[in-house]
Amino acid sequence: MLRLWGRLSSINVRKVVWAMQELGLELQRTDAGGQFGLVREPQFLALNPNGLVPLLEDDGFTLWESNTIVRYLCAKHASGTLYPEDLRTRFVAEQWMDWQQTTLNPAGRDAFLQWVRTPEAQRDRHAIARSVAATEPLMDLLDAHLAQQPYLAGERFTMADIAVGCEIHRWWGLPQDRIARTHLDAWYLNLQGRPGARGVIDLPLA
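Computed from a predicted structure; not experimentally measured.

Draft legend 1. Region of the structure containing the environment of glutamine 35. Here glutamine 35 lies in the loop between strand E2 (27-30) and helix H2 (42-47). Sequence separation of glutamine 35 and threonine 89 is 54 residues, and the distance between their C-alpha atoms is 39 Å.

What follows is the structure, encoded as structure tokens:
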């Protein structure tokens, strides 16, 4: 039995839950972080000294960092499919996972925090505008890439689509205007139809 610590309102926890569902893995999930606390407790800090979610426990082995957990699960249970066997394809998937974490997520973070986690009277509209200005060119980049192939790493759905798909779910869930992009829209609509994505990218933001 795999144990996952983390609340589903966290984009990083959603990635791991989606990967587990794609893999058909049995999961015991404990709400942690945010309003659930636990992450500063000695028991949790002994497993993840960062005090963050998600945290995975797999038969005495612990792992933190969401994209790393997704990679681990896919390598262990879906080598050759979600975790590509071809070295070049695998590292294209790795590339997009790193891009999600280092480029796309930081660009969109302020808009998310202001719209979803800041009371209306305290929202910083300039922070939202800066976040939108940083994110929309990245959406253009994604759209152009997906014009060439159906998935981020090529012809097949991989772990990269999970990480970036969760980020698009968060961006599209914000109460602001969205620019239609043919290829990005079609890719995300396809992801929404996957059984493994249910209970993840159909949830409201929180």
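Still to come is the rest of the account.
Draft legend 2. Region of the structure containing the layout of surface pockets. Size it by volume and the largest pocket reaches roughly 480 Å³. Lining the largest pocket are 28 residues, and of these Ser10, Ile11, Asn12, Leu52 and Val53 lie nearest its centre. Within the residue set of the lining of the largest pocket, elements represented by two or more residues are helix H1 (11-23) and helix H4 (87-117). Along the lines of polarity and charge, the residues of the lining of the largest pocket split into 9 nonpolar, 12 polar and 7 charged.

Draft legend 3. Main features of the packing of helix H5 (residues 125-146) against helix H6 (residues 159-172). Relative orientation of the contacting elements H5 and H6 amounts to 135°, with a least axis distance of 13 Å. Regarding the angle of H5 to H6, the classification is oblique. Pair H5 / H6 crosses with left-handed handedness. For the pair H5 and H6, the contacting residues are Ser131, Val132, Thr135, Glu136, Met139 and Leu142 in the first and Val164, Ile168 and Trp171 in the second. A per-class count over the contact of H5 with H6 returns 6 nonpolar, 2 polar and 1 charged.

Draft legend 4. Quick look at the pairing of strand E3 (residues 55-58). Bridge count for strand E1 (residues 2-5) against E3 is 4 bridges, and the pairing is antiparallel. Bridge pairing in E3 places tryptophan 5 opposite leucine 55. In this structure, E3 lies alongside strand E4 (residues 61-64), joined through 4 bridges in antiparallel fashion. Counted as the bridge partner of leucine 55 is tryptophan 64 from E4.

Draft legend 5. Looking closely at the sheet that holds E1. Overall, mixed pairing links the 4 strands, which are arranged E2-E1-E3-E4 in an open sheet. Bordering the open sheet on either side are E2 and E4, each of which pairs with just one other strand. In this sheet, adjacent strand axes meet at a mean angle of 20° when their direction is disregarded. In this sheet, E2 lies alongside E1 in parallel orientation, the contact comprising 4 bridges. From the neighbouring strand, arginine 3 faces E2, where its bridge partner is glutamine 28. Where H1 meets the sheet, it contacts E1, E2 and E3, and its direction lies at approximately 160° from that of E1. Packing against the sheet, helix H3 (residues 66-77) makes contact with E1, E3 and E4, and its axis sits at approximately 130° to E4.

Reading the values: the criteria
Residues numbered from 1 in each chain as written. Predicted model: local features only at pLDDT ≥ 70, side-chain atom pairs only at ≥ 80, totals over all residues. Heavy atoms only, no water. Helix = DSSP H or I, 4+ residues; strand = E, 2+ residues; numbered from the N terminus. 1 Å grid on protein atoms, 1.4 Å probe; cavity = no way out; pocket = protein on both sides within 12 Å on 5 of 7 lines; lining within 4 Å. Points joined across faces, edges and corners; volume = space filled by probe spheres on them. Nonpolar A, V, L, I, M, F, W, Y, C, P; charged D, E, K, R; others polar. Axes fitted to C-alpha atoms, helices over the stretch in contact; angles between N-to-C directions. Parallel < 35°, antiparallel > 145°, perpendicular 65-115°, else oblique. Left-handed = near helix turned anticlockwise from the far one by under 90°. Contact = heavy atoms within 4.5 Å. Pairing = 2+ DSSP bridges.

By themselves, these figures tell us nothing about what the structure is for.
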